[in-house]
Amino acid sequence: MSQKLNAVAVFLASVFLWSAVVAYPAVCAAQLTGPVQNIGVRPELLKDVGIDQKLNDAIPLGLTFRDENGGTVRLSEFFEQKPVVLALVYYNCPMLCTQVLNGLDRSLKDVPMDIGKDFNVVTVSIDPSETPKLASAKRDLYTGIYGRPGAARGWHFLTGEESQIRQLANAVGFRYAYDADSKQFAHASAVMVLTPGGKISRYFYGITFPARDMRLGLVEASEGKIGSAVDQVLLFCYHYDPVTGKYGLLISRVIKAGGLLTVLAIGILVLVLSRNEHYKIPERKA
């Protein structure tokens, strides 16, 4: 029995080694023929996408948006002597925006300050076609995960007109672009902390925001202090990996090829084992 198991293990190792050898040329071919972008070179659409740090600049608090109930609100209503965490995303985003909001929620849960009491959070959709109904669903989801009383009064999910969104995005240096073919927005990931007077105090990049740094940023902003510029490590939302410099399509092709090879290997294993099994009819005793 032990020898048979060893034989099976050797066979499996051989099959998967063979699969890797076969897959390697396919991967290379995909790299040559797929939509690959050289490392350090952005796709055309991303050349104008990024985040400019505009520390100490004031945002236009007179801009108007729609709240979760469809009512018209001014940005100034959400400051009221409190610092504000600002996130520009879009609610139907299939990739990075959800990770940004998830990371922000996780961070704020670990901050010993309460949304709605000590600071507010304002999330603004960059997609002018999105509705208050969708914004309301997002608010219910994330304030529910946050789990503290009063969060729904302090975390606002807004929608608005293109002109108002652009003015706010330009004020905080959030440069994004719309791709009509994929019907998606290309943008980078970051959140900003603003003072009660509406001045940009600090930028946090990526999809994880250390609670200790977030708390310090909120305390400094509440005192009207402006942080220093930080190095940018940008993640882009547009089927593009800035680390490898390649589109996600290549990864999906390799995954599909790997799945096919795995199924093939299992089929061969079953065939070999079935042929090696010999059943012997027991003899009747006289």
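Note: the structure precedes this text.
Residues numbered from 1 in each chain as written. Predicted model: local features only at pLDDT ≥ 70, side-chain atom pairs only at ≥ 80, totals over all residues. Heavy atoms only, no water.

**Q** Pulling in residues and values, what's your account of the nonpolar core?
**A** Of all hydrophobic cores here, the largest spans 61 residues; its most connected members are Leu104 and Met214. Every residue in contact with Leu104, bar those within four places of it in the chain, is listed here: Val85, Ala87, Val121, Trp155, Val191, Phe209 and Met214. (Core = buried A, V, L, I, M, F, W, Y, C linked by side-chain atoms within 4.5 Å. Buried < 20%, exposed > 50% of the residue type's maximum accessible area, 1.4 Å probe, protein only. Contact = heavy atoms within 4.5 Å.)

**Q** So, the side chain of Arg66: which residues are in play, and what are the values?
**A** With respect to the element layout, Arg66 can be found in strand S2 (residues 64–66). There is a polar contact of 3.5 Å between the side chain of Arg66 and the backbone oxygen of Glu130. Within the local environment of Arg66, its side chain forms a polar contact with the side chain of Glu161, the two groups lying 3.2 Å apart. Not counting residues up to four positions away in its chain, the partners in contact with Arg66 are Gly71, Val73, Pro128, Glu130, Pro132, Phe157, Leu158, Thr159, Gly160 and Glu161. (Helix = DSSP H or I, 4+ residues; strand = E, 2+ residues; numbered from the N terminus. Polar contact = N/O pair within 3.5 Å; in protein donor to acceptor, adjacent residues only side chain to side chain.)

**Q** Tell me about the pairing of strand S10 (residues 190–194), and name the residues and values.
**A** Along S10, five of the five residues are buried, which leaves the element largely enclosed by surrounding structure. The pairing of strand S4 (residues 84–89) with S10 spans four bridges and is classified as antiparallel. Residue Ala87 lies in a different strand from S10, and its bridge partner there is Val191. The sheet contact formed by S10 and strand S11 (residues 200–205) spans five bridges and is antiparallel. Across the sheet, Ala190 pairs through a bridge with Tyr205, a residue of S11. Where S10 hands over to S11, the hairpin turn is made up of five residues, of which Gly198 adopts a positive phi near 90°. (Pairing = 2+ DSSP bridges.)

**Q** Give me the lowdown on helix H5 (residues 162–172), citing residues and values where you can.
**A** Every buried residue of H5 is accounted for by Gln164, Ile165, Leu168, Ala169, Ala171 and Val172. With its buried residues spanning 160° around the axis, H5 presents them on a single face. Buried positions along H5 lie against S2, S4, strand S5 (120–125), strand S7 (174–175), S10 and S11. A positive phi of about 75° marks Gly173, the residue just after H5. (Arc of directions from axis to C-beta.)

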